[in-house]
Amino acid sequence: MSLVLAINGQRFELELSSVDPSTTLLEFLRYQTPFKSVKLSCGEGGCGACVVLLSRYDPILKNVEDFTASSCLTLLCSVNHCSITTSEGLGNSRDGFHSIHNRFTGFHASQCGFCTPGMSVSLFSALLDSTKSSSQEFTVLEAEKAVSGNLCRCTGYRPIIDACKSFASNVDIEDLGFNSFCKKGDSLPRFDSEKRVCTFPEFLKDEIKCIGFGSYKWCSPESVEELQSLLGACKANSDDVVSVKLVAGNTSTGYYKDEKERSYDKYVDLTRIAEMREVRERHDRVEIGAVVTISKVIAALKEMRLSKMLFGKLAAHMEKIAARFIRNIGSIGGNLIMAQRQHFPSDMATILVAAGASINIMSLSRGIEKVTLEEFLQGPPLDAYDLVLSIEIPFWHHEHSSSGTNSELLFETYRAAPRPQGSALAYLNAAFLAEVKDTKVIINCRLAFGAFGTKHAIRCKEVEEFLSGKVITDNVLYEAITLLGKIVRPQDGTSNLAYRSSLAPGFLFKFLHSLKTEKQPSSHLDQPMLSSSQRVLIDKEFYPVGEAATKSGASLQASGEAVYVDDIPAPTNCLYGAFIYSTKPFAKIKGMRFKENSVPDGVVGVISCKDVPKSGNNVGFKFSSFTEPLFADEFTLHVGQCIGLVVADTQRHADSAATLAVVDYETDGLEPPILSVDEAVKKSSLFEVYPFLYPQQVGDTSKGMSEADHRILSSEIRIGSQYFFYMETQTALAVPDEDNSIVVYSSCQIPQYVHSTVAASLGIPENKVRIITRRVGGGFGGKAVRSMPVATACAVAANKLQRPVRTYVNRKTDMIMTGGRHPMKITYSVGFKSTGKITALELEILIDAGATLGLSMLMPSNIIGALKKYNWGALSFDIKLCKTNLLSKAIMRAPGDVQGTYIAEAIIENVASSLSLEVDTIRKINLHTYESLALFYKDAAGEPHEYTLSSMWDKMGVSSKFEERVSTVRDFNGSNIWRKRGISRVPIIYPVSMFATPGRVSVLSDGTIVVEVGGIELGQGLWTKVKQMAGYTLGLLQCDGTEELVDKIRVVQSDTLSMVQGNFTGGSTTSEGSCAAVRLCCETLVKRLKPLIEKSGGPISWNNLISQAYAQSVNLSASDLYTPGETPTRYLNYGVAVSEVEVDLVTGKTTVLQTDILYDSGKSLNPAVDLGQIEGAFVQGLGFFMLEEYITDSEGRLLTDSTWTYKIPTVDTIPRQFNVEILNSGCHEKRVLSSKASGEPPLLLAASVHCATREAVKEARKQLRIWKGEDGPSLMFQLPVPASMPVVKELCGLDIVESYLDWKSQVNSSF
Ligand SMILES: Cc1cc2nc3c(=O)[nH]c(=O)nc-3n(C[C@H](O)[C@H](O)[C@H](O)COP(=O)(O)OP(=O)(O)OC[C@H]3O[C@@H](n4cnc5c(N)ncnc54)[C@H](O)[C@@H]3O)c2cc1C
Ligand code: FES
Ligand code: FES
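What counts and what doesn't
- Residues numbered from 1 in each chain as written.
- Chains lettered and ligands numbered in written order.
- Predicted model: local features only at pLDDT ≥ 70, side-chain atom pairs only at ≥ 80, totals over all residues.
- Heavy atoms only, no water.
- Pairing = 2+ DSSP bridges.
- Helix = DSSP H or I, 4+ residues; strand = E, 2+ residues; numbered from the N terminus.
- Axes fitted to C-alpha atoms, helices over the stretch in contact; angles between N-to-C directions.
- Buried < 20%, exposed > 50% of the residue type's maximum accessible area, 1.4 Å probe, protein only.
- Contact = heavy atoms within 4.5 Å.
- Near = heavy atom within 4 Å.
- Polar contact = N/O pair within 3.5 Å; in protein donor to acceptor, adjacent residues only side chain to side chain.
- Areas by Shrake-Rupley, 256 points an atom, 1.4 Å probe, with all protein chains shown as cover.
- 1 Å grid on protein atoms, 1.4 Å probe; cavity = no way out; pocket = protein on both sides within 12 Å on 5 of 7 lines; lining within 4 Å.
- Points joined across faces, edges and corners; volume = space filled by probe spheres on them.
- Nonpolar A, V, L, I, M, F, W, Y, C, P; charged D, E, K, R; others polar.
- UniProt positions renumbered as here; feature names shortened; annotations may be inferred.
- Disulfide = S-S within 2.5 Å.
- Parallel < 35°, antiparallel > 145°, perpendicular 65-115°, else oblique.
- Left-handed = near helix turned anticlockwise from the far one by under 90°.
- Patch = residues over 30% accessible without salt bridge, like charges linked within 9 Å, V, L, I, M, F, W, Y side chains within 5 Å.
- Salt bridge = Lys/Arg side-chain N within 4 Å of Asp/Glu carboxyl O.
- Lys, Arg positive; Asp, Glu negative; His and termini not counted.
- Charge placed at Lys NZ, Arg CZ, Asp CG, Glu CD.

For the protein chain, the name recorded in an unreviewed UniProt entry is indole-3-acetaldehyde oxidase, with Eruca vesicaria subsp. sativa as its organism.

**Structural notes on the sheet that holds strand β11 (residues 358-363)**
Ordered in space as β9-β10-β13-β11-β12, the five strands form an open sheet in which the pairing is antiparallel. Only two strands of the sheet have a single neighbouring strand rather than two, namely β9 (279-281) and β12 (367-372). Averaged over all pairs of adjacent strands, the angle between their axes in this sheet comes to 20 degrees, without regard to strand direction.

**What to know about helix α25 (residues 811-818)**
Since one α-helical turn is 3.6 residues long, residues separated by three or four positions face the same way. Within α25, seven of the eight residues are buried, leaving the element largely enclosed by the surrounding structure. Of the surrounding secondary structure, the elements contacted by the buried residues of α25 are β19 (575-581) and β25 (642-648).

**Side note on the site of ligand 1**
Residues in close proximity to ligand 1 total 36 residues, the closest being L246, T251, S252, S331 and D347. The contact in question runs from an oxygen atom of ligand 1 to an N or O atom on the side chain of S252, over 2.5 Å. Between S331 and ligand 1, the recorded distance is 2.6 Å, taken from a side-chain N or O atom to an oxygen atom. Taking 970 Å² as the accessible area of ligand 1 by itself, protein coverage stands at 96%. Per element, the largest residue contribution to the shell around ligand 1 is five residues, and it comes from helix α13 (residues 332-342).

**Looking at the sheet that holds strand β2 (residues 10-15)**
Pairing within the open sheet is mixed, and its five strands lie in the order β2-β1-β5-β3-β4. The strands lining the two open edges of the sheet, one partner per strand, are β2 and β4 (63-70). Neighbour to neighbour, the strand axes of the sheet diverge by 25 degrees on average, direction disregarded. Relative to strand β5 (residues 83-85), strand β1 (residues 2-7) runs parallel, the two being bridged by two bridges. From the neighbouring strand, A6 faces β5, where its bridge partner is S83.

**Describing empty space enclosed by the protein**
Applying the stated criterion to the full structure yields 12 cavities of 30 Å³ or more. Taken together, 23 residues make up the lining of the largest cavity; nearest its centre are G640, C642, R786, P789 and M817. Sorting the residues of the lining of the largest cavity by element identifies β22 (619-623), β23 (626-629), α24 (787-801) and α25 as the ones contributing at least two each. Among the residues forming the lining of the largest cavity, the class breakdown is 11 nonpolar, nine polar and three charged. Tallied by class, the residues present in the lining of the second largest cavity amount to three nonpolar, eight polar and one charged.

**A closer look at the UniProt feature "binding site: FAD" (unreviewed entry) in the protein chain**
Those residues carrying the UniProt feature "binding site: FAD" (unreviewed entry) are S331, I332, G333, G334, N335, D347 and R415 in this numbering. Along the chain, S331 falls in the loop between α12 (324-327) and α13. On the basis of relative accessibility, which here comes to 5%, the residue S331 falls in the buried class. With respect to the secondary-structure elements, R415 resides in strand β14 (residues 407-416). Excluding residues that lie within four positions of it along the chain, R415 makes contacts with H317, K320, D347, G422, A424, L425, A426, L428, N429 and F507. Of note is the side chain of R415, whose polar atom sits 3.0 Å from the side chain of D347.

**Notes on the state of the cysteines**
One pass over the full model with this rule turns up zero disulfides. As a non-bridged cysteine, C219 has C234 as the owner of its nearest cysteine sulfur, 6.9 Å distant. Given a relative accessible area of 0%, C219 falls into the buried group. Accessibility expressed as a relative area gives 5% for C234, which makes it buried.

**Observations concerning the packing of helix α27 (residues 897-915) against helix α37 (residues 1247-1268)**
One can describe the packing of α27 onto α37 by two numbers: an axis separation of 11 Å at closest approach and a directional angle of 25 degrees. When the interaxial angle is binned, α27 and α37 end up roughly parallel. Handedness of the crossing formed by α27 with α37: right-handed. Judged by residue contacts, T901, Y902, E905, E909 and S913 of α27 engage A1247, H1250, C1251 and R1254 from α37. Residues that form the contact of α27 with α37 fall into these classes: three nonpolar, three polar and three charged.

**Some words on a negative patch on the surface**
A cluster of acidic side chains, namely D1040, E1043, E1044 and D1047, defines a negative patch on the protein surface. Here E1044 shows up in the loop between α32 (1022-1035) and α33 (1045-1048). Since its relative accessible area comes to 45%, E1044 is described here as partly exposed.

**Considering unusual backbone geometry**
Y543 connects to P544 through a cis peptide bond whose omega is 0 degrees. A cis amide bond links V1281 to the next residue, P1282, at an omega of -5 degrees. Turning to its location among the elements, P1282 is positioned in the loop between α37 and α38 (1285-1292). With phi around 55 degrees, K961 is a residue other than glycine that occupies positive phi space. Note on placement: K961 falls in the loop between α30 (949-959) and α31 (962-975). With a relative accessible area of 47%, K961 lands in the partly exposed category. Phi angles above zero are rare outside glycine, and Q1038 is one such case at about 50 degrees. Note that Q1038 resides in the loop between α32 and α33. The exposed category is assigned to Q1038, whose relative accessible area is 70%.

Structure follows, in structure tokens:
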């Protein structure tokens, strides 16, 4: 029996008996077909990198159904007779790219490109759906939703949404963002369904047949009877236990990941059973087959003729479950079983409990039974052989209601989750159904709550009873809420316990209060549509430098043909590695073994420090004279430390074996680990900071303090970490080569140092090591130091086993081993005048560097560099790099600088609060003059005309209508109780340094050009700028055809034997440095070629010139090393942002209504690239300031180690109105063609969102002070980072609803 499927129109046939039924579609596509556009990023349904279009043909209806699915969760066997279309199936470099690929390119919507194939398929599916809809229209609203649930860590989403919107029928071309297609006024062609890709090839239609259930491990019964007999046979076999797994969409394995690894004797596919796939409308209810997907349930509910309101609201809530590519395969029954059996925090269960749903269960012993959903949830876990057949939801019309016709049915659902549009589990969800008489009297109601740290969704019957027959008054509300508080109580150990508890009264209040006021006073803001504007100046002076050229290779990235390390075909005999890491902060390693002392499937060996060759050293990081161990030797120094690499025949076997590894530890007799910076200081466990890296104090703070009118003394701030969340996790492939040499393909930012680390570990000369890096799927600093142990471990394993070894670190391991930003504790004292002018700032900063130093020595100067953005009068500090038994911290985009900015803003806010002055006034008064700037930044301040910040501050005030909006916000806050707004304007200064960078430019005989640079393409557009620079400099030859030179240029992968001294890619200046190096090379070529032009006496074409040069043996390859030389290596970058936010006081949700950015890029080398960097960095900063909770336990074990718990920004969390202007600040003689950096500085501008949120919270607290009087909260408060929903709500008052009602009752009684 065969499994037949089509992939991009190509037929694939597999013998069913040879397929492991637990194989996912992604594994098959990536490892057994040439199609690599499907990317693995999370493996748990949380990112969309693996999205494919699945098409099924119905031979009876003769129609094709197309929908997206996450291939990392879909089982291969379940797609028998299906057709799969991946991004390269839409279009590619050979057959021509699809218009979607071209739009992603033209809208500058692909940076590292790792997310782009998944985005392209999601968009394609949405467009396809629109062609099948009755209106045949693809609207702007649909465009916004097309990719919700797909994560991108680089772009900040705005250009992606614009690319999607460009297909919308109702888009105004003027509203589309910066793109390379058309001048304003033109229009872009719409999606043409006629030319659409054939998603289901004809040949497959003829092959569709049942594969039955014979003796295979995978069975697909077609009827309930077949299923019953199959299960009966399995159960009867109880002596020889047959483990059975019932499979619908298999998406539950995204959450219960152990399930992925488990192997069953039988996999029973339920999705082919007709009875379970139907939605049937009965006279008093709708019956939904258990395997109906959530998407289809939504569609069916929207079509219902009866109970329209209720079904419409159920459908709207279901649209917030997961992402579309999960809802398309995840079934309603699967969801409820997860809720019942494993206590999954389901939305489905809660809303269906409120809607009065019941369930039909079939068990082998008891036959078919119907129970209410509540009974089902409360019952014992469903037996593995029991089946949920269908779910019934009653029609709630008047036959159901208990009173006469003047009653009305109300239904509402609620959820509080980190992402408004879904793709995030709820902190709490709720649904309320009420029958109401005379608009105010509750006849009866059903109140359901779930996901708050309860085993399953519950009904609050006591409150329901209390409310029935009541007229809703403030007192009734108060009593109902008090009663509720006693019932909705999360289990001990639930995260954000108090916050979750506080949501229930909030939601009930919202619901009931609407009865009282006949309108929803606290209805949360409907997510406004996204819009944006971009202003850039295209400068032709150095053409093609300065052009908004599209990103080099963007179409290849979109089609998925761009090759990342894990896309390189596996060499013969390749093995796969997975890391075993420490789970103890400080312990002696006694030994390592596998569970049950048996070697897991496919394992070839475990590589540890013992396998480092005798001639080599156990080093996993080497930078100058600093080294760090590769594998823990005798002791582990922190949780997450690498102990070994288990090597197996497949990546899945290696990953699975790593989870089965048991390390025996001993802690007896050891000093307790150091787990905080305070302990580190107490024990003098500190890293030395070299004096030349230690920043300099400014002025005399004792004097400054004595001049102050006011002082705030020893105030404390704590800042946590942030994880990189590059979409491509750490990966390397090591291939042993002849003569004891080795080639390592590494996804890294600093190949030069990976090179020396590999050589040192193997004990071989550096000329026997070659590191190749073509492109990196996002780095953000995480692939600097942290890529080294990955590459080195593969190299050590390959050397030991003399076979190629590759590893693609899974997301969880990556999160645990890579770490992120440096947490720190800051204590400060600040002195200031009554005007708000600050006279002195003294700081003590304790940085948690972790167990090893890494590049942490850069932190002190970075923190202070950004913090000096204000004129503090005098500044002194004591900064300690603490050595703890916690994960070593890495340098993440804007390392230290972002913390420095936050510290500065927290101090400014504190000063403003203590003087009761506007924060904006305090910021303005403490902005630098050029003189104070020069005092604080010395040479880096540059010339007076280069200091643009103070004029930018004013310009931004005007362009963002700051003052006007401040007063609008004030009015809004005056007239709204449950929503508060805040607005903030924040400046940044960001020093960067230039580094030595090499380049080589070679011209080939056909006139094409190859460029090599030290910098790595991480998505930041380095290759694009380099191409433009080569085009510009060679263009100075002014021969015919030089205008098109850019098209002849190819930038090739970095190869450490070809291009030495590559240095590192980081610090925002590598693009500039690489451009400068290429410019030097091109100038050399120009010098060599000029005499030929002069000799030719007349115009000569480029190709002719090159032919002559070849004939005359002119050296057409030039290499050079750019060194910053006499120009100051450091310069300052400036930006200003204004953000306006709205906070929902019931949930703590913050919506960024608008952000305006003004950023000085000097003369931008490529405004499109710089715009992308600005927006992308800002949104990453938004994640740091507002969303990303990096939580560890007291010993440093990461608790937020997956896409389920670690929430980076999504489309629905970015500013709804996002305006960016790039300031062209003219000539900067000492910069590379007057350019400035854009990669990291704009990240700091996201502080404006945090500051605006603090303003909104302050308004909430002012209001609470009125309600609570003396017991109210202080207005001197600090808003922590990230200002997540629980944090914001806590500061706004967890008991805000109770306080309001309390106050109302007092006010009423005083009349
Ligand atoms: C990334 C992601 C985000 C999510 N977010 C949310 C969310 O916000 N809110 C929410 O409510 N849910 C959420 N979910 C859960 C999602 O709704 C479920 O994973 C999905 O509905 C399960 O359906 P399935 O068909 O894939 O089930 P499967 O994974 O196939 O099955 C789940 C379990 O039920 C068993 N089973 C399946 N069908 C039957 C049946 N008919 N009879 C007996 N046993 C059966 C299976 O053996 C398995 O044990 C999310 C899921 C993912 C992956
Ligand atoms: S890899 Fe499949 S959703 Fe992330
Ligand atoms: S471009 Fe989206 S993750 Fe890099």
